[in-house]
Amino acid sequence: MGTATSDKPLGQVQLAMAGCAWLLALGLLLHCERLPNAAEWAGLLLVLFVLFVLLSASWLTARRGLAFGAGLCLAAGLAAFTQGAWRAEMRLAEHLPEAWEGRDLRLIGRIDSLPAQVLGVTGLPGWRFEFEVIAARDSGKSDAAGQDLRAVLPSRLALSWYGEEARPPLLRAGEQWELTARLKRPHGLMNPHGFDTEFWLFEQGLRATGVVRGANQGEPPRRLAASPWWGWDVWRQRLREALLRQVPDPAVAGVLAALSLGDQAAISSQDWALFRNTGVSHLLSVSGLHVTMFAWLAQMLVASLWRRSARLCLRCPAPTAALWMGAMAALAYALFSGWGVPAQRTVWMLLSLALLRSLGLRWPWPLCLLASALLVTLIDPWALGQAGFCLSFAAVGLLMAAGDGEAQPRHWRTQLRQGLRSQWVATLGLAPLSLLFFQQISLVGLLANLVAIPLVSFVITPLALAGALLPGLWWLAEVAVRALMLGLQTLAAWPWAVWFVAAAPLWAQALGLAGGSLLVLPLPWRLRLCGLGLALPLLWPAPPRPPAGEFELLAADIGQGTAVLLRTASHQLLYDSGPAYGPVSDAGQRVLLPLMRALGVNHLDTLLLSHRDSDHVGGAASILAGMPVHTLLSSLEPGHRLLSAAQARSQRCEQGQSWTWDEVRFEVLHPPPEFYEASPAHKSNAMSCVLRVSSSSGRSALLTGDLEAPQEQALVAEQSKGRINLQSEVLIAPHHGSKTSSSEAFLAAVAPRVAVFQAGYRNRFGHPALSVLARYQAQGIATRQQAACGAWTWQSGSGTERCQREERRRFWHLSPVISQPAEPTVAGPWPQVMPAEEAELLSPP
């Protein structure tokens, strides 16, 4: 008896260590730049085989001491890494050959997801959906026309379909269609601390993206078969359509659809921003709390009905039947609501607990939580890379560790105190993780959650689910959602409602996570206060800045457009603000504001808008609304909407303007003052503000907007007269590398060491043009293209440069060969929208 008792905890510890080794190995895999080669595969398999033999021998001879535990951990880690890498190889094997990018392909397949209604760049309505390919052929006029391409195309695609013919309700989940699409390989924006679109596509198994061609662009699309009645997504879409008919307000309907169907795409980006800023976004998706509540209600109902039958009770005790039926109900709800990571975690935990209780085993809660994590990662090895995985499991672990896994008290005052304590534990304990993933904390989140948690969990969600049977209940849910939104809007309007913090270094993140855990664990207060000290480097990081006399240039990866952040020791200037991705989405909101906040930029001394083209000012409104801006410098015409809306001091840029920040000199070289009085007015490109920045060490950079050859020649003439100096080590290439710019004389006058082309991957303009690249090559100028480089950073002090795509390279990232097609491909709206991701795809768990 004594031996058995002592062996039991030892076995649990060994299992826990092996489970941790499994998760650590998968985490290591997610940080690999490449997958194993043939020799490394052979070594992994050989070591695994040897470990299997040794562990089997130890098990049979009952030698299960420390050596056995260490071997078990090593075997679990190697098994996790090996199976994850093998599955990654299988997924990467499905890829779109580069030769088939941008060509018209005739596809036959099935709509494999709930179609999401979206707006294109020009405001046209459309759909975004996943498409399972059944057959494919080339629909062009090449020699391969009619060739069967199913074997060379990925099996699942992410498609967008825009245009008048795509107005709702054209597409339904489960329908079979024959359509023409232009595809491209997965490619997303790559910025420091930014969202990894390519990982999201890889994790979802979407190995190509594309745009459906309309009837006026070739062979028209055809619906081949209606949706089958039995599909999950079919039922979900029918319920969504009924909900939209019953609830006319799209904001309210979106919340109800997200809670009942897991359709987070139904919530607008503005509403997601409201939920994030008030700290309640975790409630507006199908979370573990909702799944547990649904299982609890099902368990109560089954137990009540089961006890009415003596025959059933004799076959199976009512508590056991209720436990399993509750778990099955939770599984059905999780599947119906989209099978998100928080729902998966809860389902596996409920099933694990039901199995353990049925077997008479009582594992401690950490082991149960770890078993759930292992099940999730066994099914989806890349779930570990999602912020939702870490937040979801951390929340449950903190609540259990803090003592909230105990039996529920019956007195309402005790329940209220326990509920407040649980909210405090979750809010405080998850704050370090929120800072790590999102660089922000809602300071009103605790107050907002005190009202939102019971309202959403016990009123809105049950009414949203019950409305599927009694649609009249959706009216009551609508009233509750309106009240919730009004309260959240009031809280979000408070000063300092959201606290933005710069991204901290790795050591500060580790200390912050440890400090947050200490603060909420049931420990003596002296130890808890130590946790506050550990968290300070995460709460108040000191982001690196250039020294006095030097500057940093960061050309952000924003797709087809321009946005360059310049930082000195204590000042910052943003040159242009990137494009608009659609009517409600732009580079300022999606890319630049998160990027600047992560770098510790909480205000702009100057926002310089070179000219009025949308790919340069598309994100300006979001920048002006989301961050204090002291001065707006531009060539915009009087009465422009940005000038009238800006709270900053507005000033037009003119040749001759100059100023010095921290011993770094800024000079405006173009346009001359007389350009503003010209009649007829100059083209917008000709009005581009040209900025030269020079450090005290002599290194400089030239930013040119969309300057064209005539204005380049004028600047060269000005330099020949000694009025300006164009020579710069770094050149942001004029007009993204268009044929109308980068004249030979201008390049010779600037004489840059490196030129950066801010142009989108496979953009419809063909930027940069091959003839322009040849001019740079002929003069010995190194070129950097953001489609291959991502965000490009240059330090004037050391002259060092770095590409974000190279620094952050992972095995799933695309390594594009930069060469433009002879005939530029027609850009679809997906590339402008998808790289920055819509808010529903970025929502916290």
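Predicted, not measured: the structure shown is a model, and the values here were computed from it. Each residue is numbered by its place in its chain's sequence as written, counting from 1. The predicted nature of this model means local features are confined to residues of pLDDT at least 70 and side-chain atom pairs, given and counted, to a pLDDT of 80 or more, with totals for whole chains, interfaces and linings taken over all residues. The basis for every side-chain value is the complete set of heavy atoms in the structure, and neither hydrogens nor water enter the calculation.

Next up on the list: empty space enclosed by the protein. A cavity here means a set of 1 Å grid points, computed over protein atoms only, where a 1.4 Å probe fits but cannot escape. A pocket is an open set with protein on both sides within 12 Å along at least 5 of 7 lines, and lining residues have an atom within 4 Å of a point. Grid points are joined across faces, edges and corners, and a volume is the space filled by probe spheres set on the points. The full count for this structure, using the stated rule, is 2 cavities of 30 Å³ or more. Quantified by volume, the largest cavity comes out at close to 40 Å³. Around the largest cavity, the lining is made up of 11 residues, and of these A759, H767, P768, Q785 and A787 lie nearest the centre. Throughout, the ten residues Ala, Val, Leu, Ile, Met, Phe, Trp, Tyr, Cys and Pro are labelled nonpolar, Asp, Glu, Lys and Arg are labelled charged, and all others, Gly among them, are labelled polar. For the lining of the largest cavity, the per-class residue count stands at 5 nonpolar, 6 polar and no charged. Approximately 30 Å³ is the volume found for the second largest cavity.

Attention shifts here to the packing of aromatic side chains. The criterion for an aromatic pair is that two Phe, Tyr or Trp rings (for Trp, the six-membered ring) have centres within 6.5 Å, with stacked assigned to planes under 30 degrees apart, edge-to-face to planes over 60 apart and tilted to the rest. Enumeration according to the criterion identifies 20 aromatic pairs in this entry. Charge over a ring is defined by NZ of Lys or CZ of Arg lying within 6 Å of the ring centre and within 35 degrees of the ring normal. Taking the ring centre of W525 as reference, the NZ or CZ of R528 above it sits at 4.6 Å. When the ring centre of Y676 is taken as reference, the NZ or CZ atom of R652 above it lies at 4.3 Å.

The subject of this paragraph is helix α25 (residues 770-778). Partly exposed residues are those whose accessible area sits between 20% and 50% of the maximum for their type, while under 20% is buried and over 50% is exposed, using a 1.4 Å probe and protein chains only. Under the scheme used here, helices are H or I runs from DSSP no shorter than 4 residues and strands are E runs no shorter than 2 residues, and both carry numbers assigned from the N terminus. For α25, the complete set of buried residues consists of V772, L773 and Y776. Around the axis of α25, the buried residues are gathered within 100° of arc, so they sit on the same side. The outward face of α25, more than 90 degrees from its buried face, is lined by the exposed residues Q777 and A778. Contact definition: two residues touch when any of their heavy atoms are within 4.5 Å. Looking at the packing, one finds that the buried side of α25 touches β22 (730-732), α24 (744-750), β23 (754-757) and β24 (782-785). Where α25 terminates, the next one or two residues include G780, which has phi positive at roughly 70°. Summarising the geometry, the arc corresponds to the directions from the helix axis toward the C-beta atoms.

Right, let's talk about unusual backbone geometry for a bit. Look at the link from H670 to P671: it is a cis peptide, with omega at 5°. With an omega dihedral of -10°, the bond running from H767 to P768 counts as a cis peptide bond. Looking at where P768 falls in the secondary structure, it is placed in the loop between β23 and α25. Positive phi outside glycine occurs at D662, with the angle close to 50°. In this structure, D662 sits in the loop between β18 (658-661) and β19 (664-670).

Here we take up the nonpolar core. The definition of a nonpolar core used throughout is a set of buried Ala, Val, Leu, Ile, Met, Phe, Trp, Tyr and Cys residues joined through side-chain atoms within 4.5 Å. Counting 47 residues, the largest nonpolar core has V291, W382, F389 and F811 as its most contacted members. By residue number, the principal contributor to this core is helix α3 (residues 66-93), which donates 7 residues. The contact partners of W382, leaving out residues within four places of it in the chain, are L30, G84, R87, A88, R91, F199, F202, E203 and F811.

Between any two strands, at least two bridges found by DSSP are needed for them to pair. Strand order in this open sheet of 8 strands is β17-β16-β15-β12-β11-β10-β25-β26, and the pairing throughout is mixed. On the outer flanks of this sheet lie β17 (649-652) and β26 (801-803), each paired with one strand and no other. On average, each strand axis in the sheet is tilted by 15° relative to the strand beside it, whichever way the strands run. Both strand β10 (residues 552-555) and strand β25 (residues 792-795) contribute to a ladder of 4 bridges, which runs antiparallel. Across the sheet, L554 pairs through a bridge with T793, a residue of β25. Lines are fitted to the C-alpha atoms to define the axes, a helix being fitted only along its stretch in contact, and any angle between axes, read from their N-to-C directions, falls within 0 to 180 degrees.

Right, let's talk about the side chain of Q804 for a bit. Mapped onto the elements, Q804 comes out in helix α27 (residues 804-807). Judged by relative accessible area, Q804 falls into the buried class, the value being 12%. Not counting residues within four places of it along the chain, the set of residues in contact with Q804 comprises M190, N191, P192, C789 and A791.

This paragraph deals with the packing of helix α17 (residues 506-520) against helix α18 (residues 525-539). Two numbers describe how α17 lies on α18: the axes approach to 7 Å, and their chain directions differ by 155°. What the angle tells us is that α17 and α18 run roughly antiparallel. Considering how the two elements wind past one another, α17 and α18 form a crossing that is left-handed. Residues W507, A508, Q509, L511, G512, A514, G515, L518 and L519 of α17 pack against L527, R528, G531, L532, L534, A535, P537 and L538 of α18. For the contact of α17 with α18, the residue count by class is 12 nonpolar, 4 polar and 1 charged. Throughout, the term roughly parallel applies to angles under 35 degrees, roughly antiparallel to angles over 145, roughly perpendicular to angles from 65 to 115, and oblique to all others. Throughout, a crossing is termed right-handed when the near helix is turned clockwise from the far one, and left-handed when it is turned anticlockwise from it by less than a right angle.

Taken together, the 7 strands give an open sheet; going across it, the order is β18-β19-β20-β21-β22-β23-β24, and neighbouring strands pair in mixed fashion. The sheet is open, and its two edges are formed by β18 and β24, each paired on a single side. Strand after strand, the sheet turns through a mean of 20° between neighbouring axes, direction not considered. Sheet topology places strand β20 (residues 690-694) next to strand β21 (residues 700-703); 4 bridges connect them, and they run antiparallel. Counterpart to L691 in the pairing with β21 is L703. Docked against the sheet, α25 engages β22, β23 and β24, running at close to 165° with respect to β23.

Attention now moves to helix α10 (residues 318-336). An α-helix turns once every 3.6 residues. As a result, residues three or four positions apart point the same way. Expected helix span is computed as 1.5 Å times (number of residues minus one). Its 19 residues place the ends of α10 26 Å apart at the C-alpha level, agreeing with the 27 Å of an ideal helix rising 1.5 Å per residue. A positive backbone phi angle near 105° is found at G338, which sits one or two residues after α10.

As a further point, take the side chain of S227. For S227, the position within the fold is in the loop between β7 (222-225) and α5 (232-246). Since its relative accessible area comes to 19%, S227 is described here as buried. Here A173 takes part through its backbone oxygen, which lies 2.6 Å from a polar atom of the side chain of S227. Here a polar contact is taken to be a pair of N or O atoms separated by no more than 3.5 Å, where protein atoms must pair a possible hydrogen donor with a possible acceptor and residues adjacent in sequence count only if both atoms sit in side chains. Within the structure, S227 has its side chain in polar contact with the backbone nitrogen of E175 (distance 3.5 Å). Here S227 is in contact with R172, A173, G174, E175 and V234, once residues within four sequence places are set aside.

For the rest of this paragraph, the subject is the pairing of β25. As paired strands, β25 and β26 are joined by 3 bridges and run antiparallel to one another. Each residue of the ladder has a partner; that of W794, found in β26, is E801.

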